[in-house]
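# Structural features, examined
Here is how the chains run, residue by residue.
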Amino acid sequence: MKARGFTGSLFDEAAAAAPRYREALAPGAVLLRGFALDAEKELRKALDRIVASAPFRHMVTPGGYRMSVAMTNCGEFGWITDRRGYRYDALDPESGKPWPKLPAVFLDLASRAATAGGYPGFVPDACLINRYEPGARLSLHQDRNEKDFDAPIVSVSLGLPATFLFGGNDRSDRPRRVPIRHGDVAVWGGPSRLAFHGIAPLKEAKHETMGRQRINLTLRRAR
Ligand code: MD3
Ligand code: FE
């Protein structure tokens, strides 16, 4: 335990461990502003190692469209799409090898964020990694390829800012626009787990540490 000086207090220690700012998004969904900032360097190192063995690629939807978002995965399972459909697979179809292991820094961040969001005991087995360059977007969808919707999804945003589109549980619900910045972490569970969501086209810009891109990690329980 670190020594506490005259000006320090238990309150300061609790405040340092707590999210800098918490926004309730919807029942079961919370946005932890800046929650990943302390881990940025470690996250980037881990990301570089993953991308070296499983490079970003543009996958194709079952309808034949090339996605504007480039993707890769780490963990026991990875989310993939091709002409045959959307699914999780233990092997990277590009290499035929298992996806890179989930790094401890991803697991630790996911566990701490899930706990802060009200979902203690979250242990992801999959992490989809999305890379957006200016112009890239993700149209409104639900995440339903996972086996157990009781587990939340934790998402970590790095790099360029984006506008998160957060709809309701019906595709026709008009989505709210939520600005997302570097270091923000969101936890989506309970009544929000099957909400429609997407990302508006990324604006042209350059981030000071991440360059001309936004990277999003979504930590999931696939099986
Ligand atoms: C709300 N990714 O990978 S993360 C995806 O920023 C995905 O790359 C977006 O949607 C991105 O599937 C948004 C935020 C997110 C993830 C899962 C959710 C929001 C969610 C599941 C249910 C409700
Ligand atoms: Fe999604």
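Our subject is the structure that appears above.
Before going into details, it helps to say that this report is about the structure given with it. Each chain has its residues counted from 1, following the order in which its sequence is written. Chain letters start at A and ligand numbers start at 1, both assigned in the order the entries are written. Predicted model: local features are reported for residues with pLDDT of at least 70 only, side-chain atom pairs are reported and counted for 80 or more only, and whole-chain, interface and lining totals are derived from all residues. Hydrogens and water molecules were not included; the side-chain quantities draw on all heavy atoms of the structure.

## Remarks on the nonpolar core
Put simply, the rule reads: Only buried residues count toward a nonpolar core. Its members are Ala, Val, Leu, Ile, Met, Phe, Trp, Tyr and Cys residues joined through side-chain atoms within 4.5 Å. For every residue, the accessible area obtained with a 1.4 Å probe (protein chains only) is divided by the maximum for its type, and the residue is called buried under 20%, exposed over 50%, and partly exposed between those limits. Here a strand is any run of E in DSSP of at least two residues, a helix any run of H or I of at least four, and the numbering for each starts at the N terminus. Any two residues whose heavy atoms approach within 4.5 Å are treated as being in contact.
Grouped together as the largest cluster of nonpolar side chains are 33 residues, with contacts concentrated most on Leu43, Phe106, Ile129, Leu217 and Leu219. Within the residue set of this core, elements represented by two or more residues are β2 (29-33), α2 (40-53), β3 (70-75), α3 (104-116), β6 (126-132), β8 (153-159), β11 (185-188) and β13 (214-220). Of all the elements, α3 adds the most residues to this core, at six residues. Residues in contact with leucine 217, not counting those within four places in the same chain, are Leu43, Leu47, Phe106, Cys127, Leu128, Ile129, Val154, Ser155 and Val156. One finds Leu25, Leu128, Ile153 and Ala195 within the second-largest nonpolar core, a separate group that totals 31 residues.

## A few points about α3
Our working definition: Working rule for helices: expected span equals 1.5 Å times residues minus one. The arc under discussion is defined with respect to the helix axis, by the directions toward the C-beta atoms.
In this model α3 runs 18 Å from its N-terminal to its C-terminal C-alpha over 13 residues, within 8% of the 18 Å that 1.5 Å per residue would give. Buried within α3 are the following residues: Val105, Phe106, Leu109, Ala110, Ala113 and Ala114. All buried residues of α3 project into a common sector of 155 degrees when viewed along the axis, lining one side. Phi turns positive one or two residues past the end of α3, at glycine 118, with a value near 100 degrees.

## Side note on the side chain of serine 192
By secondary structure assignment, the location of serine 192 is in the loop between β11 and β12 (197-199). Exposure remark for serine 192: the relative accessible area of 6% places this residue in the buried category. In this structure serine 192 touches Ala26, Pro27, Gly28, Ala29 and Phe166, once residues within four positions along its chain are discounted.

## Regarding the side chain of glutamate 146
Which entries qualify depends on this criterion: Two N or O atoms form a polar contact when they lie within 3.5 Å of each other; inside protein one atom must be a possible hydrogen donor and the other a possible acceptor, and for residues adjacent in sequence the pair counts only when both atoms belong to side chains.
With respect to the helices and strands, the residue glutamate 146 is situated in the loop between β7 (138-141) and β8. Here glutamate 146 falls in the buried class, since its relative accessible area comes to 5%. Polar contacts involving the side chain of glutamate 146 include one to the side chain of arginine 193, which spans 2.8 Å. Polar side-chain contacts of glutamate 146 include one of 2.9 Å to the side chain of arginine 220.

## Quick notes on the coordination of the iron ion (ligand 2)
To keep it simple, the criterion reads: Here the term donor refers to an N, O or S atom within 2.8 Å of the metal (or 3.2 Å for Na, K and Ca), and because water is left out of the atoms, sites may appear incomplete.
Summarising the metal site, the iron ion (ligand 2) is bound by the protein donors His141 (NE2), Asp143 (OD) and His197 (NE2), whose distances to it range over 2.0 to 2.2 Å. Read in sequence order, the donor residues coordinating the iron ion (ligand 2) give the pattern H-x1-D-x53-H. Taken together, the residues aspartate 143 in the loop between β7 and β8 and histidine 197 in strand β12 connect sequence positions 54 residues apart.

## Side note on the packing of aromatic side chains
Definition in use: Any Phe, Tyr or Trp ring, taking Trp's six-membered ring, that has another such ring centre within 6.5 Å forms a pair; planes under 30 degrees apart are called stacked, those over 60 apart edge-to-face, and the others tilted. Lysine NZ or arginine CZ positioned within 6 Å of the ring centre and within 35 degrees of the ring normal marks a charge as sitting over the ring.
This structure, assessed with the given rule, holds four aromatic pairs. The interplanar angle of 25 degrees and the centroid separation of 6.2 Å between the aromatic rings of phenylalanine 164 and phenylalanine 166 together place this pair among those described as stacked. Residue phenylalanine 164 is classed as buried on the basis of its relative accessible area, which comes to 9%. A residue is classified by how much of its surface remains accessible, and phenylalanine 166, at 6% relative accessible area, is buried. Members of the aromatic cluster, each reached through a chain of ring pairs, are Phe164, Phe166 and Trp188. Lying across the ring of tyrosine 132, arginine 214 places its NZ or CZ 5.1 Å from the centre. Over the aromatic face of phenylalanine 77 sits the side chain of arginine 223, whose NZ or CZ is 4.2 Å from the ring centroid.

## Comments concerning the sheet that holds strand β9 (residues 162-166)
Going by this rule: Strand pairing is defined by DSSP finding a minimum of two bridges between the two strands. All axes are obtained by fitting lines to C-alpha atoms, using only the stretch in contact for helices, and the reported angles, taken between N-to-C directions, cover 0 to 180 degrees.
Pairing within the open sheet is antiparallel, and its four strands lie in the order β7-β12-β9-β10. Among the strands making up the open sheet, the edge pair consists of β7 and β10 (176-180). Averaged over neighbouring strand pairs, the angle between their axes works out to 20 degrees when direction is ignored. Strand direction decides the pairing type here: β9 and β10, joined by five bridges, are antiparallel. Each bridged residue has a counterpart across the sheet, and for alanine 162 the counterpart in β10 is isoleucine 180.

## Re the site of ligand 1
The condition that has to hold: We call a residue near a given molecule or strand whenever any one of its heavy atoms falls within 4 Å of it. Per-residue and other accessible areas were derived by the Shrake-Rupley procedure at a 1.4 Å probe size, with only the shown protein chains allowed to occlude residues. Asp, Glu, Lys and Arg are counted as charged, while Ala, Val, Leu, Ile, Met, Phe, Trp, Tyr, Cys and Pro are counted as nonpolar; the rest, among them Gly, fall into the polar class.
Around ligand 1 lies a shell of 19 residues, among which Asn130, Tyr132, His197, Arg214 and Arg220 are the nearest. Within the complex, 98% of the 500 Å² of free accessible area of ligand 1 lies under protein. With four residues, the top contributor of residues to the shell around ligand 1 is β13. For the shell around ligand 1, the residue count by class is eight nonpolar, seven polar and four charged.

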